Amino acid sequence: MIAAEAMAKPGSREPTNIDPLLEPLLAAHDAVTRDEALGTLLTQHADPVIRRGLRHRFGATQSAEIEDIRSSVIVRLLNRLERVDDPEADPIASFADYVAMVTYNTIDDYARRRNPQRTLLANRVRYVLTHDDRFALWRRDRDLICGYAAWNGQRAGTHAFETHDADERSLGDSLDRAFRRAAAPADFHDVVQAFATAAGLNESTMPVTEIDLVDATPSAYEQLASREAAEALWGEIRQLPVRQRVALLFGARDAAGQSAVSMFPGSGVATIQEIAAVVEVPLDELVSLWNDLPLDDNTIAARLGASRQQVINLRKSARDRLARRLRRR
């Protein structure tokens, strides 16, 4: 990650690491200067990364849908940059990496709407890759690569990935046979495409991607890769000390800065009543808070009778514990 000493407005945030590219935006004291800084960030620094990400997934194809995805990425970036000096928001240590993350998450969101069957298959493949000790899923130059655990960190092979005997009842064994034949790691998208072809899925080939693997902590709750993974995660969250549960769930954010907790009832893993029980608040109180989630750390601290730093520490401890427990599965 690119990092430098933080540049902050007096009293707005504690010194921390932040990408120097954002310094002109942080230093802007009027609307004109701020708009100029935003324009430079979006046109000179963000747009090339966005277009590179779109080309990587769609090749040279140009369409109104792809342009819609690009526009959605820019809207998400604007929303985040508008609160770049928010002391409650995590600092952006690398603007290029953040833009890449938002780009691939936006592609993923679109793919889930367009290709529900293929998305379900991708989630199942990802679950096996991250829960079967034979395999691993890793990032290499912003690409998602997968293969045998012993290959972790290597680049994808140059030959096309194929599977002719995929068995949906035993994806692990099917992956084992396919990787043995390939004798090299493969791009995650290519693996999903091969299994989709073998399964006769006729949906479009809009890629399904998973991002946020740079941080190995289960902030992957923001993605809920599959129902199985979501259920495993929810089960582990329930085992956390109550103060860690509150700090984690009330402050959970997705890539767009919105509450990630709604994904649990959305995926059918936990009802709002069950979430209320886990954070130990009355149901009517959680319902009244629901549209205000995620809460900022100061608000969570007031609820817990703690300091803001203690809330941050509680959430970090929760994520570290979840990461250790989920890796053992």
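No experiment lies behind these values; they were computed from the predicted model shown. (Residues numbered from 1 in each chain as written. Predicted model: local features only at pLDDT ≥ 70, side-chain atom pairs only at ≥ 80, totals over all residues. Heavy atoms only, no water.)

## With respect to helix α12 (residues 283–290)
Thought 1: Taken together, the buried positions of α12 are occupied by L286, L289 and W290. For α12, the angular spread of buried residues about the axis comes to 110°, placing them on one side. When the buried face of α12 is taken as reference, the exposed residues oriented beyond 90 degrees from it are D284 and S288. (Buried < 20%, exposed > 50% of the residue type's maximum accessible area, 1.4 Å probe, protein only. Helix = DSSP H or I, 4+ residues; strand = E, 2+ residues; numbered from the N terminus. Arc of directions from axis to C-beta.)

## Quick word on helix α6 (residues 171–182)
Thought 1: Helix length check: α6 (twelve residues) gives 16 Å between terminal C-alpha atoms against 16 Å at 1.5 Å per residue, within 8%.
Thought 2: Of all the positions in α6, only L171, G172, S174, L175, D176, A178 and F179 are classed as buried. (Expected span 1.5 Å × (residues − 1).)

## Topic: the pairing of strand β2 (residues 143–148)
Thought 1: Summarising burial for β2: six of the six residues are buried, a large majority.
Thought 2: Pairing analysis gives six bridges linking strand β1 (residues 135–140) to β2, with the strands arranged antiparallel. Across the sheet, the residue bridging to F135 is Y148, located in β2. (Pairing = 2+ DSSP bridges.)

## Concerning the packing of aromatic side chains
Thought 1: Within this structure, the stated rule accounts for six aromatic pairs.
Thought 2: Between the aromatic rings of F135 and Y148, the centroid separation amounts to 6.0 Å while the plane-to-plane angle is 20°, which identifies the pairing as stacked. Of the two residues, F135 is situated in strand β1 and Y148 in strand β2; the sequence distance between them amounts to 13 residues. For the pair F135 and Y148, a shared accessibility class is recorded, and that class is buried.
Thought 3: Note on F161 and F179: the rings are 5.4 Å apart at their centroids and 55° apart in plane angle, and the pair reads as tilted. Of this pair, F161 sits in the loop between β2 and α6 while F179 sits in helix α6, and the two are 18 residues apart along the sequence.
Thought 4: Looking at F161, the relative accessible area reads 10%, which means it is buried.
Thought 5: Relative accessible area serves as the criterion here: at 0%, F179 is assigned to the buried category.
Thought 6: Aromatic rings pair up to connect F135, Y148, W151, F161 and F179 into one cluster. (Phe/Tyr/Trp six-rings, centres within 6.5 Å; stacked < 30°, edge-to-face > 60°.)

## Here's the deal with the confidence of the model for the protein chain
Thought 1: Looking at the protein chain, the pLDDT average stands at 78 and 80% of residues meet or exceed 70.
Thought 2: Within the protein chain, the lowest mean pLDDT, 69, falls on helix α10 (residues 263–266), and the highest, 94, falls on helix α9 (residues 242–250).
Thought 3: Between residues 1–15, whose pLDDT stays under 50, and residues either more than four places distant or in other chains, the model counts 41 contacts.
Thought 4: Contacts of residues 203–226 to residues separated by more than four positions or lying in other chains number 87 contacts, the stretch itself having pLDDT below 50. (pLDDT = per-residue confidence, 0-100. Contact = heavy atoms within 4.5 Å.)

## Let's talk about the nonpolar core
Thought 1: Of all hydrophobic cores here, the largest spans 36 residues; its most connected members are W234, I237, L249, F250, F264 and I275.
Thought 2: At the level of secondary structure, the elements contributing two or more residues to this core comprise α8 (227–238), α9, α11 (272–279), α12, α13 (297–304) and α14 (308–327).
Thought 3: Sequence-distant contacts of F250, that is, excluding residues within four places in its chain, are made with R245, V279, V281, L286, L289, L293, P294, L295, I300 and R303.
Thought 4: Formed by 28 residues, the second largest nonpolar core is a distinct cluster that contains L22, A37, L41 and I92. (Core = buried A, V, L, I, M, F, W, Y, C linked by side-chain atoms within 4.5 Å.)

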